[in-house]
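Spelled out, the chains give:
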Protein chains: 2
Amino acid sequence: MPHQRTPVPSPDELILGINQGNTTSLARAITLVESDNPEHLSKAARVIEACLKSRPETMRIGITGVPGVGKSTFIETLGMTLIEAGHRVAVLAIDPTSTLSKGSILGDKTRMTSLSSHPKAFIRPSASGESLGGVARKTREAIILCEAAGYDIILVETVGVGQSETAVHSMVDFFLLLKLAGAGDELQGIKRGIIEMADAIVINKAEGANVARAKQAQTEFSRALHLYPPKSSEWQPKVLTCSAIENSGIAEIWDMIKQYFLSVQKDGYLEAHRSAQNRQWLMQHLEDVLKSEFFGSETLKKQLDGWVIKVENHEVSPFKAAELLLADYRKELK
Amino acid sequence: MPHQRTPVPSPDELILGINQGNTTSLARAITLVESDNPEHLSKAARVIEACLKSRPETMRIGITGVPGVGKSTFIETLGMTLIEAGHRVAVLAIDPTSTLSKGSILGDKTRMTSLSSHPKAFIRPSASGESLGGVARKTREAIILCEAAGYDIILVETVGVGQSETAVHSMVDFFLLLKLAGAGDELQGIKRGIIEMADAIVINKAEGANVARAKQAQTEFSRALHLYPPKSSEWQPKVLTCSAIENSGIAEIWDMIKQYFLSVQKDGYLEAHRSAQNRQWLMQHLEDVLKSEFFGSETLKKQLDGWVIKVENHEVSPFKAAELLLADYRKELK
């Protein structure tokens, strides 16, 4: 059904709608957050400030894995399990590497057939083609909006091949890596460092002839994870197997996630971690803006390529080149 | 023997001395690089530019490991092996986390008794107490100076518990992680991500009753490393054991390092990687300066703490706080 352009509702209308759990208000507020229009952004900021105050008890769960690992089916099956357990589930997809994996995320809504039509679920793919910083900011603010609208479990999906995983990891409470058993999967381009961020590794497609291989992979990963230093949450990452398509192993995964939240809620880690994430986002955003202003400046556009060539050819040290570039940037600012 | 303050030599004198392999000139040039005096820095820049042009064929090797792993003994034994093979060896220590591990690095020179007194070796601890960016910059420029002075193997030592490993990894050709076998070592605080950066893991202290445990650790790490994605160098990281104190296994480590360099020299990776590192350092240094100017500004000093508290208390979103802080910073600049 084609959308008609309607006037943007006022922040107060949106806040009221969101607090009533109205998905149209929620969707429109997220659209405002995603807009580049300064007027929209200023309205969005007012909605965000209001929603920040509600602070309901929620679980933010990041889910990553390379294309083909079965993320959509996994989220569909896990999401329905959560809804049956009485929860309301929002799924946000973050994907700045749009060309590589557009299909895998933009297709989600149509592939998650039960979840997308369920009144207790809300699914929202990210706007693609944006900078990582922009997409990350918008996803983070979308989490706040979804929580204020009464979704108590937020699943943030990412594709595991780009740079978005670190961003997602820094906005969730629990980070789950979905993998496949079998030769070559380790080499299928999962980004370095992701295994270390995972609170759980789930080997999907443990069905039929694949079960034995999945169990073998489970043993190998469990052993490998013990070689990593402990996490600040004191949580020992778990390795589980499942078949999302056959709905086996999903209940165990949900049990594990509950166990995690019980543990981090009790010792105060969850609250402290979220505060630290907020602080980190403030610092990160300050850096992002400083950098994007500098790297978008006239001085830089005109001079950078020339300096890069000189630096690559060892004609000038990186530090000397930086010094001269920055001196010209300061002149431009004045 | 106490030093007398002598006038700083001219850049031309230093360049001449370095090119002749004069260690006094080399040491004084590094001191210039480490100075905060603008006049010294401008002289240092001229020396660096001249040294950059020499571009001899060298090997830059990073060595990391937590305190107690036997780094000094390992570098002493490896360094003497390299000298016997006809090389000239410079050892640079980088350690911004001065309080934690001051002893381990500042004590190096006295503990590496054979190496430190050998005419073909040059050992230089980093100035401690500086920012990471500063120490990293200075170490990187010290590498250039040592190479121009005829040292064809540069060992860059770091302690494996701080943030300096990423910096060291980005300035060397080969990155070696030194570990101990046996219970608990995995948990002794080696930083997350270091295992993924390693081109080799060497289990030290494989001597006496420890040999079997070291071999066991070797098997476990080899298996775990196969779970990682391949490196851009296409080098499959190796796991070896050694006893630095008994000088066993060191020749095999040197053979492995030679094998690595043969492979990356032949396919052009080494040259391309060094060019990419230079480019990366230019970009990184630009960022570092932008950040240090902002975070050192009056606006930030006055306002940051207040905003952090508001952000941690969920009173304002990190993005809104950043926007307001940056607006005031721009006013300060004008």
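Up top you'll find the structure we're talking about.
Note that the structure is a prediction, hence the values are computed from the model and not measured.

Peer 1: Can you help me understand the interface of chain B and chain A in this one?
Peer 2: Accessible area lost during the coming together of the parts is what is often quoted as the interface size. Counting from both sides, the interface comprises 62 residues of chain B and, opposite them, 62 residues of chain A. Across the chain B/chain A interface, buried area totals approximately 6100 Å², and carbon plus sulfur atoms make up 66% of it. Viewed at the interface, chain A and chain B are joined by 6 salt bridges. E312 of chain A is the partner of R279 of chain B in a salt bridge, and the nearest nitrogen-oxygen pair spans 4.0 Å. Inspection of the region where chain B meets chain A yields 14 residue pairs in polar contact (both at pLDDT 80 or more). When contributions to the side of chain B that touches chain A are tallied by element, the ones reaching two or more residues are α3 (38-52), α8 (132-148), α10 (194-197), α11 (211-225), α13 (269-295), α14 (298-312) and α15 (318-333) of chain B. A per-element tally of the side of chain B that touches chain A places α13 of chain B first, with 16 residues. When grouped by side-chain class, the residues that make up the side of chain B that touches chain A number 33 nonpolar, 8 polar and 21 charged.

Peer 1: Just to check I follow, could you spell out the sheet that holds strand β4 (residues 153-158) of chain B for this structure?
Peer 2: Residues and elements named next belong to chain B. Read from one edge of the open sheet, 7 strands run β3-β2-β4-β1-β5-β6-β7, paired in parallel fashion. A single partner strand is all that each edge strand has here, and the edge strands are β3 (121-125) and β7 (238-241). Strand after strand, the sheet turns through a mean of 20° between neighbouring axes, direction not considered. The pairing of strand β2 (residues 89-93) with β4 spans 5 bridges and is parallel. Bridged to A90 within β4 is I154.

Peer 1: Any chance you could explain the pairing of β7 of chain B here in plain terms?
Peer 2: Taken residue by residue, a regular strand's side chains alternate between the two faces of the sheet. Residues and elements named next belong to chain B. Side chains V239 and T241 project from β7 onto a buried face, and the interleaved K238 and L240 project onto a face without burial. Of the strand pairs in this sheet, strand β6 (residues 200-204) and β7 are connected by 4 bridges, and their pairing is parallel. Each residue of the ladder has a partner; that of V202, found in β7, is L240. Taken together, β6, α11 and β7 form a β-α-β motif whose crossover is right-handed.

Peer 1: Would you mind showing me how to read the side chain of E141 of chain A here?
Peer 2: When you line up the elements, E141 of chain A lands in helix α8 (residues 132-148). When residues no more than four places from it in sequence are discounted, the contact partners of E141 of chain A are V33 and I48 of chain A together with S317 and F319 of chain B.

Peer 1: I'm lost on helix α4 (residues 71-84) of chain A in this one. Help?
Peer 2: Count 3.6 residues to each turn of an α-helix, and residues three or four apart come out pointing the same way. Residue and element names in this part refer to chain A. Along its 14 residues, α4 runs 20 Å from first to last C-alpha, staying within 8% of the 20 Å computed at 1.5 Å per residue. The element α4 is extensively covered by neighbouring structure, given that 12 of its 14 residues are classed as buried. Turning to α4, its buried residues are K71, S72, F74, I75, E76, T77, L78, G79, M80, T81, L82 and I83. Positive backbone phi, approximately 100°, marks G86, located one or two places after α4.

Peer 1: Can you help me understand the pattern of salt bridges in this one?
Peer 2: Pairs may arise between side chains of opposite charge once their charged atoms sit close together. Residues and elements named next belong to chain B. The final tally for this structure, using the stated rule, is 24 salt bridges over all chains. Here R274 ties to D173 by a salt bridge, and the two come within 2.7 Å at their closest N and O atoms. Remark: D173 occurs in the loop between α9 (164-169) and β5 (174-180) and R274 occurs in helix α13; sequence separation between them is 101 residues. Accessibility assignment for this pair places R274 and D173 in one class, buried.

Quick notes on the rules
- Residues numbered from 1 in each chain as written.
- Chains lettered and ligands numbered in written order.
- Predicted model: local features only at pLDDT ≥ 70, side-chain atom pairs only at ≥ 80, totals over all residues.
- Heavy atoms only, no water.
- Contact = heavy atoms within 4.5 Å.
- Buried area = accessible area lost by both parts, 1.4 Å probe.
- Salt bridge = Lys/Arg side-chain N within 4 Å of Asp/Glu carboxyl O.
- Polar contact = N/O pair within 3.5 Å; in protein donor to acceptor, adjacent residues only side chain to side chain.
- Helix = DSSP H or I, 4+ residues; strand = E, 2+ residues; numbered from the N terminus.
- Nonpolar A, V, L, I, M, F, W, Y, C, P; charged D, E, K, R; others polar.
- Pairing = 2+ DSSP bridges.
- Axes fitted to C-alpha atoms, helices over the stretch in contact; angles between N-to-C directions.
- Buried < 20%, exposed > 50% of the residue type's maximum accessible area, 1.4 Å probe, protein only.
- Right-handed = clockwise from strand over helix to strand, strands pointing away.
- Expected span 1.5 Å × (residues − 1).

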